[in-house]
Amino acid sequence: MKTSLTFLIVAALLTPFAAKAQMPHDAIYMGKKQLCVAGMYGYSSWNQYWENSFKRENFNIGTLTTQSVMVMPAYGISKRVNVILSLPYVWTSASAGNLMGQRGVQDISAWLKVKALVVGGFSLHGIVGASIPIGSYVPDFMPMSIGMQCRTATARLLANYKHTPTGLYVTAHGSYGWRSNIKIDRDAYQADDRVYNVNQVRMPNVYDAAVRLGVLRKGWQTEVFAERSACLDGDNIRRNDMPFPTNNMQSTLVGWYGKFQPRHIGVNARVGYVVDGMNVGQSTSYTVGVLYQINFNK
Amino acid sequence: MKKYIYFLALGSILSGLATGVVSCSKLIDEPQKSAYAPTNVDEKAGNWKTYVLAAPTDIAIAEPKSISSAEYQAEVASLKQKATNLTSDQQAAVTYWGAGAAYRWNEIGRELCARYNIPPASTPDGKYPVPDATNPLADPKFPFANPPYASRALAYLSVAQYDALVSAWYYKYKYNRVAPAKTDAALKPLLPVSTLPSYPSEDAVVATASVVILKAMFPGEVPYLEAKLAEHRNSRLWAGMNVESDLAAGEALGSAVAAKVMTRARADGMSAANNQTVTAGMIQAAKDRGLAEVWVSQESPARPPMLPNYGAVQTWNFDKTTLIKLRPGPPPVLNDANYEKDMNELRQVNKSQTRDQARIANYWSDGAGSYTPPGHWHRTAANTAHDAQYSEVRMARTLALVGTATMDAAVGCWDAKYYYYYPRPQQFGMKTSVGLPNFPSYPSGHSTFSAAAATVLSAIFPDKASEFAAEASEASVSRVYGLIHYRFDSNAGLEHGNKIGAYAVERAKADGSGL
């Protein structure tokens with residue numbers, strides 16, 4: 001298994017990928033019949049977490065590390081309508097204690113991004129996304145689980161202002177995310193201070209909001225950002241208990257993103273740090289990617 | 001104009017999505033249990049053998065007023081008034097409690113076990129504070145309802161319900177006061193009415209007996225339990241099932257029987273179960289018998305082992321001599337061929353656990369935050385007896401047999417675990433997908449609990465014997481798949497549990513119920 005993982009990472013890093021990289025949370029679009037494929041590697045870890053609102057460490061977990069490799073193609077249906085897909089493979093490990101690391105293919109996501117309105121440097125975008133689990137991973141062996149096993153649907157409104165002469169931009173977005181109920185292997189569990197005698201778990205819906213400030217020029221991009229994401233309801237981790245999918249997870253994250261793409265091949269990188277939260281780990285995360293752009297117009 | 005087309009397109013996508021989202025219900029369909037008239041009211045249950053009561057007449061219950069008396073007529077008139085114009089909450093309470101008194105209070109007992117089943121957190125100085133019964137809601141909460149604690153709480157709960165119901169049945173048929181609905185055709189009860197005499201009320205008996213036990217076992221839950229008790233009592237009035245004097249007599253009987261049961265509980269040795277001073281001698285004895293490496297806590301900081309002296313707690317269905325006689329033989333010597341064979345199985349699972357192995361391990365994990373394996377088997381017992389439409393007294397008997405057998409299994413297993421003091425696979429590099437219990441490995445507790453419960457249930461429900469045996473066997477092997485037990489731990493636990501369960505079956509055959 002180790003060998004094939006290494007292979008995947010290497011493959012992900014070496015495969016030629018796209019340049020005009022765009023995300024479901026920016027105002028960048030691929031031109032018509034342009035495909036950009038990003039291959040990304042993510043590394044995230046924490047050694048402290050919020051049990052409810054109480055910040056603590058756990059000597060029987062030590063540092064929890066989550067790594068992933070992800071393929072993320074984006075395609076321009078037109079210069080104002082783009083489709084973005086992503087599919088990650090995720091693996092986890094704990095540096096202390098004896099909890100078994102989990103690994104597997106997680107959820108496939110699809111996003112449709114529409115530039116709805118342009119007035120001068122200002123633009124308004126509507127983005128809808130959905131995801132479905134692909135792997136049969138265990139969702140409630142937290143914090144080792146690689147995902148939640150729920151189907152999601154997200155609606156996002158994004159506003160962008162770009163000062164064309166300098167490339168300076170500011171972007172803000174807000175989203176509402178619906179999450180399906182999930183099924184777990186057990187047919188009884190505790191949530192909301194009671195026992196449910198069934199294998200279905202009600203998952204709280206989520207929202208997120210972010211602001212970004214950056215510069216986008218022909219060959220490069222740099223930005224700083226702040227993101228807030230939270231459940232709309234949910235319960236809290238009980239004293240000294242493990243987390244559970246129903247938890248009201250909230251986090252505020254600050255970070256930097258940069259991209260360098262002199263030609264059709266490029267690289268990107270992202271750093272994020274959780275400054276505040278509830279029922280989540282205080283993680284520091286790094287992502288690096290290789291981008292490759294293909295023009296099907298030729 | 002063209003730009004607005006995009007705007008419109010987006011708008012319709014968003015509204016379409018919103019409609020789709022709203023129409024996706026997030027309701028959870030939990031299985032609902034409804035009321036039934038028992039297939040057999042068990043008229044002779046007043047003579048069934050009790051656990052703690054010497055005789056069903058230990059608590060005296062006065063003869064009720066006759067149904068022709070003015071007092072009774074007044075009670076029925078008042079009942080008719082209470083049982084009309086119910087709010088939807090009142091109707092919901094009638095439906096909820098109508099599923100069965102012992103059934104619901106057993107469910108409440110399991111719920112409390114789950115809510116209190118969290119190991120204390122360590123303090124900054126690396127110590128683990130011991131939960132304090134006199135300050136139950138402080139951190140750590142009292143109790144830590146681990147499997148032995150839960151097995152005992154549920155055993156006393158079921159025994160109190162059962163003994164109180166046997167006595168109630170005795171008085172019901174002694175006084176033969178029929179249900180209020182049979183005395184007044186204008187009274188329309190909301191629940192099925194059987195031929196069972198209604199004085200004293202079996203619901204009041206079960207509710208008060210249960211509350212006495214659960215308040216003692218979960219002293220931080222007094223307001224919760226009193227609210228449940230009040231709702232249960234009121235539901236009998238709202239349903240038109242019991243008059244005030246039925247309830248009052250039931251309450252007097254239930255609380256008096258439970259008080260006697262608690263007298264046994266207070267003297268059963270539980271107060272010394274967490275005596276950590278006994279471990280030094282246990283470790284030395286295991287080493288003297290040739291164990292090269294004894295169990296040590298794998299937690300950081302090292303946590304004192306769970307209830308090392310629980311093996312000295314009083315059993316229900318056999319005595320101390322039998323307990324020692326039933327103790328499983330020794331586990332393999334570390335690193336011998338038998339050990340290696342089962343260790344290799346674990347190494348394989350550790351390397352490549354299949355999804356199905358994980359599923360089985362998860363289904364039976366019953367770890368922290370759950371009602372534990374004894375709770376799992378109480379649930380199976382209660383649901384099976386409910387499906388069989390058992391009378392209250394036969395339901396309580398089923399739960400008491402399973403409850404005493406699983407507590408005996410806990411005592412027997414804990415005795416063996418600390419006798420052998422055998423190391424967990426985690427001392428030799430295995431991980432776990434279910435969480436590691438903090439006590440010695442051999443034999444497996446899950447296996448002992450499950451085999452004891454399955455043996456009892458198979459005797460009571462012979463049609464389902466193969467199902468129960470398969471479940472016990474899956475619960476047992478789940479601990480191998482979860483990597484916290486060697487297969488020889490599981491096999492020894494199954495065998496041990498079967499023997500322990502057989503003592504409860506022997507008692508069941510002789511208790512007068514006609515099993």
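Residues numbered from 1 in each chain as written. Chains lettered and ligands numbered in written order. Predicted model: local features only at pLDDT ≥ 70, side-chain atom pairs only at ≥ 80, totals over all residues. Heavy atoms only, no water.

Participant: Describe the overall build of chain A, and please don't skip the residues or the numbers.
Facilitator: Scanning chain A from N- to C-terminus turns up one helix and 19 strands. Taken over 298 residues, chain A has a buried fraction of 56%. Look at the contacts in chain A between residues 6 or more apart in sequence, and 62% of them connect residues 24 or more apart. With an accessible surface of roughly 12,600 Å², chain A has 63% of that area assigned to carbon and sulfur atoms. (Helix = DSSP H or I, 4+ residues; strand = E, 2+ residues; numbered from the N terminus. Buried < 20%, exposed > 50% of the residue type's maximum accessible area, 1.4 Å probe, protein only. Contact = heavy atoms within 4.5 Å. Areas by Shrake-Rupley, 256 points an atom, 1.4 Å probe, with all protein chains shown as cover.)

Participant: I'd like to hear about the environment of Arg228(A), residue by residue, with values.
Facilitator: All names here are of chain A. Tracing the backbone shows Arg-228 in strand 16 (residues 220-231). Sequence spacing of Arg-228 and Gly-277 is 49 residues, and the spatial spacing of their C-alpha atoms is 9.4 Å. Aside from chain neighbours lying at most four places away, what touches Arg-228 is Tyr-207, Asp-208, Ala-209, Gln-250, Ser-251 and Thr-252.

Participant: How would you sum up the domain arrangement of chain B? Please name residues and give values.
Facilitator: All names here are of chain B. As assigned here, chain B comprises domain 1 (74-266) and domain 2 (272-509). Of the residues lining the interface, 39 residues belong to domain 1; the matching set on domain 2 comes to 42 residues. In this assembly, domain 1 and domain 2 are joined by zero salt bridges. At the surface where domain 1 touches domain 2, the tally comes to 13 residue pairs in polar contact (both at pLDDT 80 or more). Ranked by residues supplied to the side of domain 1 that touches domain 2, first place goes to helix 5 (residues 147-175) with 16 residues. The class makeup of the residues in the side of domain 1 that touches domain 2 is 26 nonpolar, nine polar and four charged. (Domains from an automatic or database assignment. Salt bridge = Lys/Arg side-chain N within 4 Å of Asp/Glu carboxyl O. Polar contact = N/O pair within 3.5 Å; in protein donor to acceptor, adjacent residues only side chain to side chain. Nonpolar A, V, L, I, M, F, W, Y, C, P; charged D, E, K, R; others polar.)

Participant: Could you give me a rundown of the interface of chain B and chain A, with the residues and numbers involved?
Facilitator: Contacts between chain B and chain A engage 54 residues on the former and 54 residues on the latter. Buried area between chain B and chain A, both sides added, is near 4,400 Å², and the carbon and sulfur share of it is 56%. Between the two partners, chain B and chain A, sit four salt bridges. Across the salt bridge formed by Asp187(A) and Arg379(B), the nearest N and O atoms sit 3.0 Å from each other. Remark: the boundary between chain B and chain A carries 22 residue pairs in polar contact (both at pLDDT 80 or more). If you list the elements that add at least two residues to the side of chain B that touches chain A, you get helix 1 (2-23), helix 4 (101-115), helix 11 (337-352) and helix 12 (355-363) of chain B. Looking at the side of chain B that touches chain A element by element, the count peaks at nine residues for helix 1 of chain B. (Buried area = accessible area lost by both parts, 1.4 Å probe.)

Participant: Lay out the confidence of the model for chain B with the relevant residues and their values.
Facilitator: Residues with a pLDDT of 70 or more make up 95% of chain B, whose mean pLDDT is 95. As scored by the predictor, the complex reaches a pTM of 0.93 and an ipTM of 0.92. (pLDDT = per-residue confidence, 0-100.)

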